[in-house]
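Descriptive analysis of the structure
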Amino acid sequence: MRLLVRQNGKFGYIDQSGKLAIPARFENASLFSEGLAAVRIGGKDGYIDTSGKIVIEPRFKAASIFNEGLAAVLVGDRWGYINKVGKMVIPSSIVSTFAFTEGLAVVVAVTKDGYKAGFMDTTGKMIIQPLYEDARFFSEGLAPVKKGKKFGFINRSGTMVIQPMFDDATPFREGLAAVKINGKYGQWGFIDTNGVWIVEAKYKNCLRFKEGVAAVEQEGAWRFIDRRGEDAVPLTMDGPSLFSEGLAPVKIGGKVGYIDRQGREIILPVSRLQRFLSTGWRLCAKGTCADTSTKKGIWSFLPPTSGTSQLSTKWSPSRQKLSKS
């Protein structure tokens, strides 16, 4: 296991015991995914393996993590995809693209109507034509897409199965999707795969469901709710969180710690702490994310991106460096 850390302005990786396994020598870096991590050397991105060996030479303007055997890379002003030996398997002709999920990737292409989003398969074939103003990734067989000014959901054949009626939307997880109504400053709630409201839209912000609960923000405080919209954990938090292996890192009154589903504070052994961090949480010390120079051992955690995160209007894909939703 390798955990991304920052030391003296450079990125490296520590092992499960906390020892520096890969020296902090990279200008930028990602979490490991499928055995490889994107790193920046001399202003160019390439990939290393878990021993720190460069396996794909830094030659790209930008690069994403690997997912389903492929990674997006920027050559000039266009994106393409490489495999794990660095071979370009989908030519760099895409305005913007994101990781493959369920065999499809969101891509942005130039059309007669301007920039539009669609979906292609791992051979580079456009499976769902670029017809949308915005799009999210596929999850549980459905993907949020923006048609005109509203979001709906399509299936893998491109059929709109939940009509565009939302001001924002996130992919499904555990059978529910977070959707927003009432404009830019509206409220979030949750629908099922039939488009039926399961949790009323009354939250300022939210994360997707995981392990049966979701973090939601209301009246300046965060808390966990269950699928009925009822409190699932007897506490409120300063910020969002999510459960992994039955535990969640939380910040309450400026202090950070782990809780279980009953809201009890838990002290983790190092091995479990490292497993939890590998799921995408950001380890921070003294205000600097993943800084290993702390002398007092005071670490804190920043959560994954919230339900309001979305595809940028500039179509700039995330490096997924230190967080994930």
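Our subject is the structure that appears above.
Our subject in this report is the structure included herewith. What you see is a predicted model; the values in this text were computed from it and never measured.

1. Remarks on the pattern of salt bridges
- Tallying each qualifying case throughout the model produces 12 salt bridges.
- A salt bridge links Arg136 to Asp168; its shortest N-O distance comes to 2.5 Å. Highlighted residues: Arg136 in the loop between strand E16 (134-135) and strand E17 (143-147) and Asp168 in strand E20 (residues 168-169), separated in sequence by 32 residues. Residue Arg136 shares its accessibility class with Asp168, and that shared class is buried.

2. What about the pairing of strand E23 (residues 197-203)?
- Note that strand E22 (residues 187-191) and E23 share 3 bridges and pair antiparallel. Paired with Ile191 across the strands is Trp197, a residue of E23.
- The hairpin turn running from E22 into E23, its antiparallel successor, is 5 residues long, and Gly195 in that turn takes a positive phi close to 85°.

3. A word on the sheet that holds strand E24 (residues 205-206)
- Taken in spatial order, the 3 strands line up as E24-E25-E26 in an open sheet, and their pairing is antiparallel. In the strand order of this sheet, the two ends are held by E24 and strand E26 (221-225), each with one partner.
- Of the strand pairs in this sheet, E24 and strand E25 (residues 214-218) are connected by 2 bridges, and their pairing is antiparallel. Residue pairing in the sheet places Asn205 in a bridge with Glu217 of E25.

4. Let's talk about a negative patch on the surface
- On the surface, a cluster of negative charge is contributed by Glu68, Glu102, Glu140, Glu174 and Glu211.
- Structurally, the position occupied by Glu140 is in the loop between E16 and E17.
- Look at Glu140 and you get partly exposed, because its relative accessible area is 39%.

5. Some points on the pairing of strand E21 (residues 177-181)
- Buried residues dominate E21, accounting for 4 of its 5 residues.
- Alignment of E20 against E21, held across 2 bridges, turns out to be antiparallel. Each residue of the ladder has a partner; that of Ala169, found in E21, is Val179.
- For E21 and E22, the ladder comprises 5 bridges, and the chain directions are antiparallel. Looking at E22, one finds that Ala178 is bridged to Phe190.
- The antiparallel pairing of E21 with E22 creates a hairpin that spans 5 residues between the two strands, and Asn182 there sits at a positive phi of about 70°.

6. Some words on the packing of aromatic side chains
- Taken as a whole and judged by the stated rule, the model has 8 aromatic pairs.
- Here Tyr47 and Phe66 contribute two aromatic rings whose centre-to-centre distance is 4.9 Å and whose plane-to-plane angle is 65°, an arrangement assigned as edge-to-face. On the criterion of sequence distance, the pair formed by Tyr47 in strand E6 (residues 44-48) and Phe66 in the loop between strand E8 (62-63) and strand E9 (71-75) is long-range, its members being 19 residues apart. The burial state of Tyr47 is the same as that of Phe66; both residues are buried.
- Pairing Phe224 with Phe243 gives two aromatic rings, centres 4.8 Å apart and planes at 55°, and the pair type is tilted. A residue pair is termed long-range when its members are at least 10 positions apart, and Phe224 in strand E26 and Phe243 in the loop between E26 and strand E27 (248-252) qualify at 19 residues.
- Phe224 gets classed as buried once you look at its relative accessible area, which sits at 1%.
- Over the aromatic face of Phe243 sits the side chain of Arg261, whose NZ or CZ is 5.5 Å from the ring centroid.

Rules used in this analysis
Residues numbered from 1 in each chain as written. Predicted model: local features only at pLDDT ≥ 70, side-chain atom pairs only at ≥ 80, totals over all residues. Heavy atoms only, no water. Salt bridge = Lys/Arg side-chain N within 4 Å of Asp/Glu carboxyl O. Helix = DSSP H or I, 4+ residues; strand = E, 2+ residues; numbered from the N terminus. Buried < 20%, exposed > 50% of the residue type's maximum accessible area, 1.4 Å probe, protein only. Pairing = 2+ DSSP bridges. Patch = residues over 30% accessible without salt bridge, like charges linked within 9 Å, V, L, I, M, F, W, Y side chains within 5 Å. Areas by Shrake-Rupley, 256 points an atom, 1.4 Å probe, with all protein chains shown as cover. Lys, Arg positive; Asp, Glu negative; His and termini not counted. Charge placed at Lys NZ, Arg CZ, Asp CG, Glu CD. Phe/Tyr/Trp six-rings, centres within 6.5 Å; stacked < 30°, edge-to-face > 60°. Lys NZ or Arg CZ within 6 Å of the ring centre and 35° of its normal.

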